[in-house]
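Structural description and commentary
The lines below spell out each chain.
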Amino acid sequence: MSGIDFRLNGVVVSILVTPATPLLFVLRNQLDHKGTRLGCGEGNCGACTVTVDGVPTTACNFPVGSAKSRDIGTIEGIKAGGHPLIAAMIAHQAGQCGYCLPGIVTRAAALIDHGKTSREVIAALDANLCRCGVHRRIIAAIQETVAKRDQS
Amino acid sequence: MSECPIPAPLQAFPRISQWLEFSPSGRVHLKSGRVELGQGIATALTQIAAEELDLPVTAFDLTLGHTEVSPGEGPTVGSMSVSFGGQSVRMVASAARVVFLEHAAQMLKTKPHVLSVLEGAILKDGIQTGLSYKSLAAEVNLDVDAAPISAPKPAALRTVAGTSVARVDLAARMGSGYLVHDMQLPSMLHGRVIQPPSLTAEFKRLPAVKPPARLVQNGRFLAVVAEDEYTALQEANRIAAEIDWHDDGPVQMHPVEGLDDDIRESEILYDAETLDLGSREVSLSVTKPVLSHGSIGPSCAVAQWQGEDLTVWAHSQNVVALRASLARVLQIDIVRITVIFAPGSGCYGHNSSDDVALDAALMAQGAGAPVRALWQREDEFLHAPLSPAMRTHVIARLDDAGKIVSYHAHVISPTHSTRPGGADEPNLRAQQFLLNAMPMGPGNDAPPPQGGADRNAYPGYVLGPVGVLRSRPMHVPYRHSAMRGLGAFTNVIAIEALMETCAEIAGQDSTLYRLAHLADPRARAVIQQARAMSGDWQSSDSVGYGLGYARYKNSAGYTACVARIEVDDEVHVTDVWTVADVGEAVNPDGTINQIEGGIVQSIGWVLKEEITFSGGKNLTRSWEDYSILRFSEVPRMLTKLIGPQEDVPLGAGEISVGPAGAAVVNAVRQVFGVTPTRLPLNRHNLMSLLS
């Protein structure tokens, strides 16, 4: 067990944990941030996508020890911050079961905030799987959000 | 008074109070046996109730699928939730409004017909009376039968049902704490089951589990529980890797090859008087491999024992059957068990959601603490029910003018339903590993016309005498059960490829050829409009277009799809145009979402997906072994609903998988000049098609 500090959605957190534990389990079970979801546990599906210093990263295979002193962003932070992509997703009914959405929104919002084009954001989403087949609605929500960003 | 037929759920649960409760706080509690699997039924049911009661959709709290609270409607399957569950809610909500207005009229010494409702407030001649659902909630008796007094609004007066209200649950689904996966009970442990690699596998010696993790064992049912989830996971995987399983079971055939060589029994479902008509025979077959549900989240359940009483939270499609199945396997009185639906990952049929509920109950029993059980990705591919391999062989006979004058289908497939069936056939995976082991039942397809493997094998076209033969393979080396559309996916592809082939032989335009064999004006309309919406078909050596049509189950919604593909060394679907008639669409955008979701899944099934086997051994363990459509592969889609809102809702959730699959197959057929017979149409099978 080691004491590890990192920033979670801008707030410093200190936890006592085995450093090899995947960040995902720490977020969900120790820090009660359950919006980040376990899909495959192998980094193949993207359901557990968070940001590490702004870079989309799968938390299921990211040891919490590597999060030390870094900025971790999750869907909870994106929602609390009122990111416009959230409203666009709801307006486009861009979801069915929603299991994949926190990971998709986290990746897309990070890339939108980094100034990426719609095309770049959507291309990056090949790292995330959606089984309900909502892709086109998600794409529409991203395009709308990017267009509004570029107008302002 | 109502002239509608009474839907079956309302016949079984006739009283208003079984469905609706009004609180003096102003909240309205809507109870339904239908569960929200991601398909949007919570929103649709809320809209229906809000419409009839003249309440905002925000006034409702829902309990869906709770064995102690909601009406035990049975399964949420078969694209029937709005058609049956929704119609029940409509009649109940209407009846509740009638009861409230009659009560208010007595108090106001007036007639009910001069009263109206605005956002829950009762008006007389358009003026507030001071009465409302809220103020009368405590004194109105809703223990009355709904059907005799129900008078739902005519479609033309609806303002909420029939509009694309935003999903009531979507924001919550995008965050923390909504899913059964997120539940946290005091003293709850995390559990992972260690799956025997096959039904016949045995072990001699168990490795010791390192504390603080603990082993739960009952026969060959093995699980590791721990307070810390990662500890449970690591220990379970370590034990699983170290157990020396040995398997003396029979060597099984490959599931697709077994379809040819291994037929157990055949059954004539439709016996044509004569098929020996016409002058020319056209035949083809379509073979579908074993498919996975592929939900992104593995199945999860939470179980808690309090003395002899068990509560299970599960994302089951049928809490009533799960409860009865658990009672049988656990050998306890059913009244001791409460099953509460809690949302999970997407559900497209009979997946492992019921299995993990038994796992959780066994783990909680063994551990003496509440347990959250979660399957792993690999478990989902290897041990969950899978959509069975299937072959459909169709034969048409044509007269001299090229018209089809008889039709025969031979469907070879395991049964498409082995759902938990309660006490007689619980069919929960772990039951076969326990000290008191129970073998899994064989399952059963619904009889025609609904059907299972044979669903939609009976054509929607007028083709003269029709014969349908259904055969089952003897040995099936995997668990097989219902996935979206059941046999309709393969059967519709076969029929639509046959129509395309016959049109070509007859020298006729394939759209007109279909219309020449169709009498139903609604069927004709979706085909004509989808064809028109897709514009000029600019086909070439590498660009193809195809049409697919079906009325799901020959009784639910009508769908016609046109697909455009581009071919290099793979097939890419670039566009799909769809016209559907589902009758009333309570939430049109939600209906389109379901239809388009089905299209995307179907394209994945046609082009990419296959559980790979070596002989009878399933080799699929991760997403690296099983491809589904990704963002860059999903086509543009244009989808239009043309159903009359005043018509009954026909059902929509599964209607597009057959037509979309058929449209892609026919587009491939157009480019390659030959009908694909073996799915998926990946590079390997395309090369075989060309050679």
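These figures come from a predicted structure and were not determined experimentally. (Residues numbered from 1 in each chain as written. Chains lettered and ligands numbered in written order. Predicted model: local features only at pLDDT ≥ 70, side-chain atom pairs only at ≥ 80, totals over all residues. Heavy atoms only, no water.)

Quick notes on the sheet that holds strand S18 (residues 390-398) of chain B
All names here are of chain B. Which entries qualify depends on this criterion: Whether two strands pair comes down to DSSP finding at least two bridges between them. Put simply, DSSP marks the helices as runs of H or I at least four residues long and the strands as runs of E at least two long, and each gets a number from the N terminus on. Every angle, taken between N-to-C directions, lies between 0 and 180 degrees, and every axis is a line fitted to C-alpha atoms, over only the stretch in contact when it is a helix. The contact criterion used throughout is that any non-hydrogen atoms of two residues lie within 4.5 Å.
Judged by pairing direction, the sheet is mixed, and its five strands sit side by side in the order S12-S20-S19-S18-S13 without closing on themselves. Looking at strand neighbours, the two that pair on one side only are strand S12 (263-270) and strand S13 (280-288), the edges of this open sheet. Along the sheet, successive strands turn relative to each other by an average axial angle of 15°, direction set aside. Where S12 and strand S20 (residues 466-473) come together, six bridges link them in antiparallel fashion. Pairing of Tyr270 across the sheet is with Val468, part of S20. Against the sheet, helix H11 (residues 488-506) engages S13, S18 and strand S19 (404-412), with an angle of about 145° to S13.

Section: the interface of chain A and chain B
Short version of the rule: Accessible surface is computed with a 1.4 Å probe, and the buried area is the amount of it that two parts give up when combined, taken over both parts together. Basic side-chain nitrogens of Lys or Arg form a salt bridge, by our definition, when they fall within 4 Å of a carboxyl oxygen of Asp or Glu. Any pair of nitrogen or oxygen atoms within 3.5 Å is treated as a polar contact; in protein, a donor-acceptor pairing is required on top of that, and neighbouring residues in sequence qualify only through side-chain atoms on both sides.
Contacts between chain A and chain B engage 53 residues on the former and 60 residues on the latter. Each partner contributes to the roughly 4500 Å² buried at the junction of chain A and chain B, and carbon and sulfur atoms together form 55% of this total. Put simply, chain A and chain B have three salt bridges between them. With a closest N to O distance of 3.0 Å, Arg137(A) and Asp589(B) form a salt bridge. If you look at where chain A meets chain B, you find 25 residue pairs in polar contact (both at pLDDT 80 or more). Elements with a contribution of two residues or more to the side of chain A that touches chain B: helix H1 (23-30), helix H2 (75-80), helix H3 (84-91), helix H4 (101-113) and helix H6 (135-151) of chain A. It is H6(A) that contributes the most residues to the side of chain A that touches chain B, five residues altogether.

What to know about the pattern of salt bridges
Residues and elements named next belong to chain B. Formally: Classification of residues uses two cut-offs on accessible area relative to the type maximum, computed with a 1.4 Å probe and protein chains only: under 20% is buried, over 50% is exposed, and between them is partly exposed.
Counted according to the given criterion, the structure contains 42 salt bridges over all chains. Among the salt bridges present, the one from Glu68 reaches Arg323, with a minimum N-O distance of 3.8 Å. A residue pair is termed long-range when its members are at least 10 positions apart, and Glu68 in the loop between strand S3 (60-64) and helix H3 (81-108) and Arg323 in helix H8 (residues 319-330) qualify at 255 residues. Residue Glu68 is classed as partly exposed on the basis of its relative accessible area, which comes to 48%. Here Glu633 makes a salt bridge to Lys608, at a shortest N to O gap of 2.8 Å. Taken together, the positions of Glu633 in the loop between strand S25 (617-618) and strand S26 (636-641) and Lys608 in the loop between helix H14 (588-607) and strand S24 (613-614) put the pair 25 residues apart, joining distant regions of the chain. According to the relative accessible area criterion, Glu633 is partly exposed, its value standing at 30%. Classification of Lys608 by relative accessible area gives partly exposed; the value is 23%. Sharing partners across several salt bridges, the network here consists of Glu51, Asp54, Arg97 and Lys153.

Any link to function would need more than the numbers given here.
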